[in-house]
Protein chains: 2
Amino acid sequence: MKKITIKDVAARAGVSVSAVSHVLNGYSDMSATTVEKVQTAAKDLGYVANSAARQLSSKKSKTIALILNEINVARGVAMPLEIISGVIDYLDKTDYEFVFYATNTEKQAHKTLRQFCDEHNISGVIIQGLRVTDPYYHELEHFTLPTVAIDMNIRNKRIGTVSIDNETAAFEVTERLQASGYHQILFVNGGRKAAVSHERESGYRKSVTKPSVIFADFREQVAFDLIFALFSAEKKPIYDAIFAASDLMAIGCLKALKKLDLASQIAVVGFDDITLTSYFTPTITTVHQDVKTIAESAAKDVIEHIEKGIIKHTIVGYEIVVRESAAI
Amino acid sequence: MKKITIKDVAARAGVSVSAVSHVLNGYSDMSATTVEKVQTAAKDLGYVANSAARQLSSKKSKTIALILNEINVARGVAMPLEIISGVIDYLDKTDYEFVFYATNTEKQAHKTLRQFCDEHNISGVIIQGLRVTDPYYHELEHFTLPTVAIDMNIRNKRIGTVSIDNETAAFEVTERLQASGYHQILFVNGGRKAAVSHERESGYRKSVTKPSVIFADFREQVAFDLIFALFSAEKKPIYDAIFAASDLMAIGCLKALKKLDLASQIAVVGFDDITLTSYFTPTITTVHQDVKTIAESAAKDVIEHIEKGIIKHTIVGYEIVVRESAAI
DNA sequence: CTGAAAGCGCTTACAG
DNA sequence: CTGAAAGCGCTTACAG
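Just so it is clear, the model here is predicted, and its values are computed rather than measured. (Residues numbered from 1 in each chain as written. Chains lettered and ligands numbered in written order. Predicted model: local features only at pLDDT ≥ 70, side-chain atom pairs only at ≥ 80, totals over all residues. Heavy atoms only, no water.)

## Overview of the packing of aromatic side chains
Aromatic rings in a pair are described by how distant their centres are and how their planes are angled relative to each other.
Inference 1: One pass over the full model with this rule turns up 13 aromatic pairs over all chains.
Inference 2: Centroid distance Phe100 of chain A to Phe100 of chain B: 6.2 Å. Interplanar angle 65 degrees. Geometry classified as edge-to-face. A residue pair is termed interchain when its members come from two chains, as with Phe100 of chain A in strand E2 (residues 97-103) and Phe100 of chain B in strand E2 (residues 97-103).
Inference 3: By relative accessible area, which is 4% here, Phe100 of chain A ends up buried.
Inference 4: What links up through ring pairs into an aromatic cluster is the set Phe187, Tyr204, Phe243 and Phe271 of chain A.
Inference 5: Over the face of the ring belonging to Phe271 of chain A we find Arg200 of chain A, whose NZ or CZ atom lies 3.7 Å from the ring centre. (Phe/Tyr/Trp six-rings, centres within 6.5 Å; stacked < 30°, edge-to-face > 60°. Helix = DSSP H or I, 4+ residues; strand = E, 2+ residues; numbered from the N terminus. Buried < 20%, exposed > 50% of the residue type's maximum accessible area, 1.4 Å probe, protein only. Lys NZ or Arg CZ within 6 Å of the ring centre and 35° of its normal.)

## Looking at the protein's contact with DNA strand D
Inference 1: In the vicinity of DNA strand D there are 29 residues, among which Ile6, Ser21 and Ser57 of chain A together with Ser18 and Thr34 of chain B approach most closely.
Inference 2: Restricting attention to atoms of DNA strand D within 4 Å of the protein, one finds that 67% of them are sugar or phosphate atoms.
Inference 3: Note that a phosphate oxygen of DNA strand D is positioned 3.1 Å from one of the backbone N or O atoms of Ser16 of chain B.
Inference 4: Between DNA strand D and the protein, one listed contact pairs a phosphate oxygen with a side-chain N or O atom of Ser31 of chain B at 3.0 Å.
Inference 5: Elements with a contribution of two residues or more to the surface near DNA strand D: helix H2 (17-24) and helix H4 (51-57) of chain A together with helix H2 (17-24) and helix H4 (51-57) of chain B. (Near = heavy atom within 4 Å. Polar contact = N/O pair within 3.5 Å; in protein donor to acceptor, adjacent residues only side chain to side chain.)

## Quick look at the packing of H2 of chain A against helix H3 (residues 32-45) of chain A
Residue and element names in this part refer to chain A.
Inference 1: Viewed as axis vectors pointing N to C, H2 and H3 meet at an angle of 90 degrees, and their least axial separation amounts to 9 Å. Between H2 and H3, the interaxial angle falls into the category roughly perpendicular. From H2, Ala19, Val20, Val23 and Leu24 reach across to H3, where they touch Thr34, Val35, Val38 and Gln39.
Inference 2: Residue composition of the contact of H2 with H3, by class: six nonpolar, two polar and no charged. (Axes fitted to C-alpha atoms, helices over the stretch in contact; angles between N-to-C directions. Parallel < 35°, antiparallel > 145°, perpendicular 65-115°, else oblique. Contact = heavy atoms within 4.5 Å. Nonpolar A, V, L, I, M, F, W, Y, C, P; charged D, E, K, R; others polar.)

## Some details on helix H5 (residues 79-92) of chain A
Residues and elements named next belong to chain A.
Inference 1: With 14 residues, H5 should reach 20 Å at 1.5 Å per residue; the first-to-last C-alpha distance of 20 Å fits that figure.
Inference 2: Burial runs high along H5: 11 of the 14 residues are buried.
Inference 3: Among all positions in H5, only Met79, Pro80, Leu81, Ile83, Ile84, Ser85, Gly86, Val87, Ile88, Tyr90 and Leu91 are buried. (Expected span 1.5 Å × (residues − 1).)

Below you can see the structure in the form of structure tokens.
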């Protein structure tokens, strides 16, 4: 089964290769008969242009790279998948191609972002999951290709961003906890390598007078251990509520509290609204962010950057979802 | 920031373009000094070969396409993500490129698999999630490119396959239920469009004498409704156990049973071992399949097909994980 | 409105 | 061991 090329189409239509190219790329100055002949020939043959050849010959490629860092750190967190499908769904409506690239710290050391983009003729990138210590994070500070970063803050005016307003969301959660009578709120943060952690903590700090922050590395088990140790200590902690920077850590906290039979006394709030939150017992009060919308906005924004040079900083709405773990 | 090409490397190294190409592609018949010069020049310039050009000029491309159908049907099911990272992890150790393509019934109607592969110079494909009614499913019956299908049965000797032994696993679960004293087992199947459902049901049927099968379309809510209706009917059903063909449906069943306060009396077993199973109350007894291993095997097998012409039908091990919902 | 021709950045026989 | 040249399948000025 030989691949069929533009020459085959030209031969069957009885026109030149350039005529075929013109027609298929929608140039308007073609006679109706030529258009007709080319289109039926292409259809009969099931012709599809070879993308490598098209990229090579054409100056401007039309491909957006979605670059996700460390996609499989935590089981049960489907965020990468939602980003992927959000971006794909948006790009499907355009004539941009989608390319997916999963990276990690090691790969970043082998090949720069720039190199990757040159290699694959990338015209725009959407990137997520970088920690401030990652090589690409630094590279982005001087990066010139149209780029949109999800959930990240880059010191580079030319990088677009999309995320919810993490600080305000965290502030609002903390305020509502206090309005509901909780005044000793422990903040369980992940770590400060992720921009979002920093912002969430900052929102919390803006609301309370005497902040207490501990770090659980975004891991359920670490959160469990920390909370279990804290609440089983001889000197009981004063906290009446826990606000965790991620749902998985909130689950860790709740498991510890359940084991100590304290789950009904301490309010727990998570962040992200992963699927688990509504299946866990108790169901978990959390901040819902619509990842699909975030991803689609990112796709929309890179294309706008590419085509119109507009750099956007998009804030997507969030929603506090009240469930059993905290009535706020 | 101009892209740097092979010419730039040649110029800087003071050799011809072909010499650069030879060195960078590891041809052995180059003088040590040339190799040296080329390598430092390439390194200094941060040169990476343009993949489009490479693909065009070279006969054989080295890219594997992972094609996933309907990736975002069910929240909480991270299987597509595990397949993606399994395939990527394996390919990273080879010199094959990874290309990801998410499809659905509509896209399949617009562009054939063959067209997609020609367009992108694909040398091998890994495919998952097709239903027997999908256009690509039919196309695969006469497909000639090296292909490995995950969890699918294609009537085409040339298509490799990877999956667990679904029939045996289902048989074993049913046997163990009976050995544990459950003799009225209801099988909640998804639908027969997926090969796995068919096999799982068949394993169940091999074990029981009087099979009872209902269909819940792989959906939690449908399973819930069905079970709730069944067990709240005037005439109580005789079932003492439910075996669902997917964990999500098992959860739907358990939610219905919990609502009717029957969860402790009826054993429930799921299938797949998604993350939710260990967080739900009760935790769910299920058949664990190691998706990562399945994905890696698929990658390994396509490459073996491409390079040695060997077509494999790989069976990956499964494990019955006993949790609270059924002590078997 | 249409075609011949150059060129995109590589790889690969082929000479030497 | 090394280089000149053809060619991969397209697109895009450029003539006409």
